[in-house]
Amino acid sequence: MCEQNVYMLNEEGEERLIMKSVDKFIPKENGIYLENIFGERKTIQATVKEMRLVDHRIILEAK
């Protein structure tokens, strides 16, 4: 499996899970579009802070 879990950093620098098993990650003008293997979809206003692909983690920061 190559899905990633996506997390958002809060003000204290802690990671909060946004979506599990993301298989579609598309940067767009209005944010980052996420879609997982269960059909859930979200657009998040954030930038990529870090990607740990071996650990299946993408970490975002709010814009």
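Before reading on, note that the structure itself is shown above.
Analysis parameters
- Residues numbered from 1 in each chain as written.
- Predicted model: local features only at pLDDT ≥ 70, side-chain atom pairs only at ≥ 80, totals over all residues.
- Heavy atoms only, no water.
- Core = buried A, V, L, I, M, F, W, Y, C linked by side-chain atoms within 4.5 Å.
- Buried < 20%, exposed > 50% of the residue type's maximum accessible area, 1.4 Å probe, protein only.
- Contact = heavy atoms within 4.5 Å.
- Helix = DSSP H or I, 4+ residues; strand = E, 2+ residues; numbered from the N terminus.
- Pairing = 2+ DSSP bridges.

Observations regarding the nonpolar core
Step number 1: Counting 11 residues, the largest nonpolar core consists of V6, M8, I18, M19, V22, I32, L34, I44, A46, I58 and L60.
Step number 2: Not counting residues up to four positions away in its chain, the partners in contact with I32 are F25, I26, P27, K42, T43, I44, A46, T47, V48 and L60.

Observations regarding the pairing of strand β1 (residues 4–9)
Step number 1: The element β1 is extensively covered by neighbouring structure, given that 5 of its 6 residues are classed as buried.
Step number 2: Of the pairings in the sheet, the one linking β1 to strand β2 (residues 15–28) comprises 5 bridges and is antiparallel in character. Directly across from Y7, in β2, lies its bridge partner L17.
Step number 3: Linking β1 back to β2 in an antiparallel pair, the connection comprises 5 residues, with G13 at a positive phi of about 85 degrees.
Step number 4: Of the strand pairs in this sheet, β1 and strand β6 (residues 57–62) are connected by 4 bridges, and their pairing is parallel. From the neighbouring strand, N5 faces β6, where its bridge partner is R57.

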